Each structure stands twice: as C-alpha cells, then as structure tokens.
Amino acid sequence: MNIIDYKKYVSAETMMGPNSVRILAELLEKYPLQTDSDDMILDLGCGTGLTSLIIAKETGARVFANDLWISAEENGKRFAEWGVGEQVTPVCEDASMLHFEKKQFRAVISIDSYHYFAGSKVFFQEKILPFVKENGEVLIGIPGLKDEYAGHAKELLSDWVGEDAAMFKSPKLWKELIGSSDRIQLVKTWEMDCFREAWNDWLETENKFALDDRQYFETIIKPYTCFTGIYVKIKNQ
Ligand SMILES: C[S@@+](CC[C@H](N)C(=O)[O-])C[C@H]1O[C@@H](n2cnc3c(N)ncnc32)[C@H](O)[C@@H]1O
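Residues numbered from 1 in each chain as written. Predicted model: local features only at pLDDT ≥ 70, side-chain atom pairs only at ≥ 80, totals over all residues.

Hey, could you run me through the nonpolar core in this one?
Generally speaking, soluble globular proteins have nonpolar side chains that are buried together. Counting 54 residues, the largest nonpolar core has Ile23, Ile41, Val63, Val108, Val132, Val138 and Phe227 as its most contacted members. In this structure Ile23 touches Pro18, Ile111, Asp112, Gly141, Met192, Cys194, Ala198 and Phe227, once residues within four positions along its chain are discounted. (Core = buried A, V, L, I, M, F, W, Y, C linked by C-beta atoms within 7 Å. Buried ≥ 20, exposed ≤ 12 C-beta atoms within 10 Å, placed from the backbone. Contact = placed C-beta atoms within 7 Å.)

Is there a simple way to think about the site of the ligand in this case?
Every one of the 20 residues lining the ligand counts as a neighbour, but Ser20, Gly47, Trp69, Ala95 and Ser113 are closest to it. In terms of residue class, the shell around the ligand is made up of 10 nonpolar, 7 polar and 3 charged. (Near = placed C-beta within 6 Å. Nonpolar A, V, L, I, M, F, W, Y, C, P; charged D, E, K, R; others polar.)

I'm lost on the environment of Ile178 in this one. Help?
Its place among the elements puts Ile178 in helix α7 (residues 171-178). Taking the C-alpha atoms as reference points, Ile178 and Val161, separated by 17 residues in sequence, lie 24 Å from one another. (Helix = DSSP H or I, 4+ residues; strand = E, 2+ residues; numbered from the N terminus.)

Please clarify how the pairing of strand β4 (residues 105-111) should be interpreted in this entry.
Both faces of the sheet carry side chains from a regular strand, because those side chains alternate between them. Burial analysis of β4 places 7 of its 7 residues in the buried class, which makes it a mostly covered element. Examined bridge by bridge, strand β1 (residues 40-44) and β4 share 3 bridges and lie parallel to one another. Across the sheet, the residue bridging to Ile41 is Ala107, located in β4. Summarising the sheet, β4 and strand β5 (residues 132-145) pair through 6 bridges and their orientation is parallel. Across the sheet, the residue bridging to Ile111 is Gly141, located in β5. (Pairing = 2+ DSSP bridges.)

Mind showing me how you'd approach the sheet that holds β4 here?
Working definition: the strands of a sheet are paired by backbone hydrogen bonds and lie parallel or antiparallel to each other. With respect to topology, 7 strands assemble into an open sheet ordered β3-β2-β1-β4-β5-β7-β6, the strand pairing being mixed. Pairing within the sheet leaves two strands with one partner each, and these edge strands are β3 (88-91) and β6 (184-191). Strand-to-strand twist of the sheet, defined as the mean angle between neighbouring strand axes without regard to direction, takes the value 15°. The pairing of strand β2 (residues 62-66) with β3 spans 4 bridges and is parallel. Bridging across to β3, Asn66 finds its partner in Val91. Together, β1, β2, β3 and β4 form the strand contacts of helix α2 (residues 50-59), whose direction differs from that of β1 by roughly 160°. (Axes fitted to C-alpha atoms, helices over the stretch in contact; angles between N-to-C directions.)

What am I meant to see in unusual backbone geometry here?
A negative phi angle characterises most non-glycine residues, just as the trans form characterises most peptide bonds. A positive phi angle is found at Asp112, which is not glycine, with a value near 55°. With respect to the helices, strands and loops of the structure, Asp112 is situated in the loop between β4 and α4 (114-117). By the C-beta count within 10 Å, which is 24 here, Asp112 ends up buried.

Help me understand helix α1 (residues 20-30) in this model?
For the α-helix, the turn length of 3.6 residues means that residues three or four positions removed from each other point alike. Most of α1 is tucked away, with 8 of its 11 residues classed as buried. Along α1, the positions that sit buried rather than exposed are Ser20, Val21, Arg22, Ile23, Leu24, Ala25, Glu26 and Leu27. Contact partners of the buried residues in α1: α2, β4, β5, α8 (195-203) and β7 (225-234).

When you look at the packing of α1 against α2 in this model, what are you seeing that I'm missing?
In a pair of packed helices, the angle between the axes and the distance between the axes together describe the arrangement. Remark: α1 packs on α2, axes separated minimally by 9 Å, with the N-to-C direction vectors making an angle of 35°. The two elements α1 and α2 cross, and the hand of that crossing is right-handed. Contacts from Ser20, Val21, Leu24 and Leu28 of α1 reach α2 at Leu50, Thr51, Ile54 and Glu58. Its residues assigned to classes, the contact of α1 with α2 shows 5 nonpolar, 2 polar and 1 charged. (Left-handed = near helix turned anticlockwise from the far one by under 90°.)

Explain the environment of Ser20 here, please?
Mapped onto the elements of the fold, Ser20 is located in helix α1. The exposure class assigned to Ser20 is buried, which follows from the 26 C-beta atoms found within 10 Å. In sequence terms Ser20 and Glu81 are 61 residues apart; their C-alpha atoms lie 20 Å from each other. Apart from residues lying up to four places away in sequence, Ser20 is in contact with Leu50, Thr51, Ile111 and Asp112.

This is how it looks when you write it as structure tokens:
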C-alpha cells in the first residue's frame, strides 16, 4: 500500500495516537494478506475507523470495525462519507466480550489498541483465537517497552502515563502472552521500524493528548519505548 493515497483522511480529528496508517502499512508490507471479497477481517479497537477504511480498500475484504470508545453510529457516518459504508460494518463492543461467529475472520488486525485489553496470559487464546479461521492471520501493532527495559515500565514510564505504564510490555513478553496452542502455527514479535515517523506525525498535530506527549518524547518515549509488531499464523487443520 502507498500511505500517500490515504493522507487526506489523516487529521487531528481521525488520529488517536501515533499514525495508525504507518503502523498498518508496515504490518501489511511485512505480512501481506491474500484475501478476496468473501473474506472477513476484524479491525479490533479501530478508533475512528481510519485503519478500517484502508484495510477495506487494500484487501477488498468485508471489514468489521470494532471499537469501545467510539460509537458504531459515529463510525458508520464516517464510513458512509468515505464511500465504504457497504463494505465496512461498525460495531461497538468490548474486545473481551465479542459476539461474532466462531472462525468468522480470515484476519484480525489491531493497531494501537490491543495493549489496553489483552495483557493477560489467557486473553488471546480465549477471546480472540476462537474467531479466527483455519489458515488465518493476526496482525497487531502496539506501543510497548523495549526488550532491554522489560520489567521496569512503572519506574520508567509513570511520569508520562501514570498507572497505564503496566500496559507497556516488551516484544518478548508479548510473544509469551500470545502463547502456543494446537491451532497456532507461528508467533513473531518485533520492534517496528515506523516508530519515529508514526510518532512525528502525531506530535505535529494540535490534538491535546499530542501536546502532552510532546513534553515526554525525548526523555521517556524515545529512549524506553518502541512499537511492537505481533504476527500470528493459524494452522490449516
Ligand atoms: C489509542 S486509541 C487507537 C485507535 C485506533 N486504532 C488508532 O490507531 O487510531 C485506542 C482504542 O482502543 C479501544 N479500546 C480500548 N479498550 C477496548 C476494549 N476493551 N475493547 C475494544 N476496544 C477498546 C478504544 O476504544 C480506542 O479507540
């Protein structure tokens, strides 16, 4: 995908953190999805639906755009304005209580949201894996702690994010949290390359949360945190 194609959709209104378009682009470049129009993809924690729009355009699949803080009505209006109202279905549900069909999704994608709700050992296998088809894939991009600072999130990040520091985990720890099962073929976690550019795009906006993040970028965010990529391939049983 070419991120320039989506520049006009990226604004202080649609962004909720570091540029989700860059994070999605890196995931799809590293692990391209082979999909067709019958496939269904879940965009988990989609926020304002920017990534849902792009997933729809880039894959041709039917997209379910799920978020908790943004209502389905609000996202539905945006999808209609963007011309993807037929292809993208807005849903407002807690990620720990989803009501989709078992094995419904060819892929689950989650950008800058999975860390809010999935930090326990059982979460992936109990709450997400059941909805992924055989041969399916899961692509996740989230802020985290660099591996060398694992275990020190509270002391290093609290001045910036307070109690939310506990959500910041290292790529190695995320691999352990996804775990293994007889349905999982492969789990990869890594520090993503788009960190600097995704943050720069966000810090340049006048969003009030971005203004706050600006104060901590050089002293906390840049030295200690990273963007963690997570890729899970499901077996073709
Ligand atoms: C920082 S925003 C990122 C949104 C969007 N993915 C992006 O990158 O712009 C985090 C998102 O996680 C979602 N979220 C947090 N907890 C959730 C939960 N339990 N279930 C579903 N979504 C959740 C919020 O609704 C919010 O939109």
